[in-house]
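Descriptive structure summary
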Amino acid sequence: MTSSPTLTFNDGNTIPQLGYGVWQVEDDVAEKVVFQAFQAGFRHIDTAKIYGNESGVGRAIASSGLSPEELFITTKLWNSDQGFESTLTAFEESMERLGLETLDLYLIHWLQPKQDKYVDTWKALVELQKRGRVKSIGVSNFTAEGVQRLIDETGVVPAINQVELHPFFNQAELREFNKSKGILTQAWSPLGQGGELLGDGTITAIADKHGATPAQVVIAWHLAIGNVVIPKSVTESRIRENFEALNITLDATDLEAVNGLDRTAAGTGRIGPDPAVSDFA
Ligand code: NAD
């Protein structure tokens, strides 16, 4: 069976470049679709406390017959749990739900600039890594300034920064910054949440050329530009289709065309909140 290529973190650990995300998936559905994702070939699962499905993911892991060494599991610390002690507690609660002894990757879910607890929170992640409870630590929805502050105040560079990233919002500047610090970039909503992007004429023309689907073209673009990518679907045929994007190789002309779809300059590319100015409860 095909397996995802891996990328290497600045801490020496590796991550499967193609993973499966479970935002907006009910807990009981998560158990079923994560199992289907394993059957399709995915070994990397992206969840979060706030998704409310860590238990379902845990049940899918337990019934999969796969060993922890074969899997790569990410979860995220929710905003209301930021702070040193509260992070240590929230981590153990997530691990309980997941049914795991050791986590592969723990992320701070959002920067929360006004709350301003992210440096203390990061120190707790560093502590959890020192204790061997989590193999790699990183951030999500962090600006370059936020990442730089973590580095300046703790000396520990995140392994990865998971941010909104798709062809309409390709994060060229932040990807460059991450790369300069040895941080991998991970794309959330990589398919643009399945909206306009998958019907875009440039994407569908490339899909026709390769005998692929639009979703496969977009996933192949992420893989080619070095992103870790975690598309979501709850439809079994699409779960398989998304994994099989590993078999599609885009050429330089295709990549150039997809790069040309970026709407950052027009200010209309972003779907979700801007981490630089967004705080949530
Ligand atoms: P996505 O870009 O992966 O799009 C998912 C949607 O695209 C599906 O619901 C479906 O409608 C459509 N789709 C999927 N496969 C398809 C296919 N083969 N053909 C046609 N349509 C298809 O959106 P997402 O769920 O927002 O993002 C993926 C993952 O990223 C999430 O599940 C979650 O794990 C992560 N995420 C993280 C954050 C964060 O703040 N860190 C935010 C959003 C998402």
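Criteria and thresholds
- Residues numbered from 1 in each chain as written.
- Predicted model: local features only at pLDDT ≥ 70, side-chain atom pairs only at ≥ 80, totals over all residues.
- Heavy atoms only, no water.
- 1 Å grid on protein atoms, 1.4 Å probe; cavity = no way out; pocket = protein on both sides within 12 Å on 5 of 7 lines; lining within 4 Å.
- Points joined across faces, edges and corners; volume = space filled by probe spheres on them.
- Helix = DSSP H or I, 4+ residues; strand = E, 2+ residues; numbered from the N terminus.
- Nonpolar A, V, L, I, M, F, W, Y, C, P; charged D, E, K, R; others polar.
- Expected span 1.5 Å × (residues − 1).
- Buried < 20%, exposed > 50% of the residue type's maximum accessible area, 1.4 Å probe, protein only.
- Contact = heavy atoms within 4.5 Å.
- Core = buried A, V, L, I, M, F, W, Y, C linked by side-chain atoms within 4.5 Å.
- Pairing = 2+ DSSP bridges.
- Right-handed = clockwise from strand over helix to strand, strands pointing away.
- Near = heavy atom within 4 Å.
- Polar contact = N/O pair within 3.5 Å; in protein donor to acceptor, adjacent residues only side chain to side chain.
- Areas by Shrake-Rupley, 256 points an atom, 1.4 Å probe, with all protein chains shown as cover.
- Sits in = over half its atoms within 2 Å of the grid points.
- Phe/Tyr/Trp six-rings, centres within 6.5 Å; stacked < 30°, edge-to-face > 60°.

**So, empty space enclosed by the protein**
- A full pass over the atoms with the stated rule returns one cavity of 30 Å³ or more.
- Every residue along the wall of the largest cavity is listed here: Pro-68, Leu-71, Ile-73, Leu-100, Thr-102 and Asp-104.

**Comments concerning the layout of surface pockets**
- Taken as a whole, the largest pocket spans an internal volume of roughly 760 Å³.
- Forming the walls of the largest pocket are 34 residues, and the residues nearest its centre are Trp-23, Gln-24, Ser-189, Gln-193 and Lys-232.
- When residues in the lining of the largest pocket are grouped by element, the largest group, three residues, is from helix α9 (residues 236-243).
- Of the residues that constitute the lining of the largest pocket, the class distribution is 17 nonpolar, twelve polar and five charged.
- Roughly 410 Å³ of internal volume is contained in the second largest pocket.

**With respect to helix α1 (residues 27-40)**
- Between its terminal C-alpha atoms α1 stretches 20 Å, which fits the 20 Å expected from 14 residues at 1.5 Å a residue.
- If you check which residues of α1 are buried, you get Asp-27, Ala-30, Val-33, Val-34, Gln-36, Ala-37, Phe-38 and Ala-40.
- Next to the buried residues of α1 lie β3 (20-21), β4 (44-46), α2 (54-64) and α9.
- Directly after α1, the chain includes Gly-41, whose backbone phi takes a positive value near 125°.

**Quick word on the nonpolar core**
- If you look at the biggest cluster of nonpolar residues, it comprises 76 residues, and the most contacted ones within it are Tyr-20, Leu-103 and Tyr-106.
- Beyond its immediate chain neighbours, meaning those up to four positions away, Tyr-106 contacts Thr-75, Lys-76, Leu-77, Thr-87, Ala-90, Phe-91, Leu-125, Leu-128, Val-134, Ser-136, Ile-137 and Gly-138.
- Core analysis: the second largest hydrophobic core is formed by nine residues, Phe-9, Ile-15, Leu-105 and Leu-184 among them.

**Brief notes about the environment of Phe-38**
- If you trace the backbone, Phe-38 turns up in helix α1.
- Along the sequence, Phe-38 and Arg-240 sit 202 residues apart, while their C-alpha atoms lie 9.8 Å from each other.
- Each residue touching Phe-38, except ones within four places of it in the same chain, is listed here: Arg-43, Ile-45, Ala-60, Ile-61, Ser-64, Leu-66 and Leu-71.

**A short note on the sheet that holds strand β6 (residues 103-108)**
- Sheet architecture is open: eight strands sit in the order β3-β4-β5-β6-β7-β8-β9-β10, paired in parallel fashion. Each of the sheet's edge strands pairs with one partner strand only, and the pair in question is β3 and β10 (228-229).
- Strand direction decides the pairing type here: strand β7 (residues 134-140) and strand β8 (residues 160-164), joined by two bridges, are parallel. Bridge assignment links Ser-140 to a residue of β8, and that residue is Gln-162.

**Some words on the pairing of β8**
- Within β8, five of the five residues are buried, leaving the element largely enclosed by the surrounding structure.
- In this view, the connection linking β7 to its parallel neighbour β8 by way of helix α5 (residues 144-154) has right-handed handedness.
- One ladder, built from five bridges, connects β8 with strand β9 (residues 184-188); its direction is parallel. Directly across from Gln-162, in β9, lies its bridge partner Gln-186.
- Running through helix α6 (residues 172-180), the crossover from β8 to the neighbouring parallel element β9 is right-handed.

**A closer look at the site of the ligand**
- The local shell around the ligand holds 27 residues, among which Asp-46, Ser-140, Asn-141, Ser-189 and Leu-191 are the closest.
- Measuring from an oxygen atom of the ligand, one finds a side-chain N or O atom of Asp-46 at 2.7 Å.
- Gly-192 places a main-chain nitrogen or oxygen 3.4 Å from an oxygen atom of the ligand.
- If the ligand stood free it would expose 840 Å²; the protein chains cover 89% of that surface.
- Structurally, the ligand is housed in the largest pocket.
- When grouped by side-chain class, the residues that make up the shell around the ligand number eleven nonpolar, eleven polar and five charged.

**Remarks on the packing of aromatic side chains**
- One pass over the structure, following the stated rule, counts eight aromatic pairs.
- Relative to Phe-72, the ring of Phe-9 has its centre 6.3 Å away and its plane inclined at 50°; by these criteria the two rings are tilted. With a gap of 63 residues between them, Phe-9 in the loop between β1 (6-8) and β2 (14-16) and Phe-72 in strand β5 (residues 72-77) connect regions that are remote in the sequence.
- A centroid spacing of 4.9 Å and a plane angle of 70° characterise the contact between Phe-91 and Tyr-106, whose relative ring orientation is edge-to-face. Here Phe-91 is found in helix α3 (residues 84-98), whereas its partner Tyr-106 is found in strand β6, with 15 residues between them in sequence.
- By relative accessible area, Phe-91 is classed as buried at 0%.
- With relative accessibility at 0%, the residue Tyr-106 sits in the buried group.

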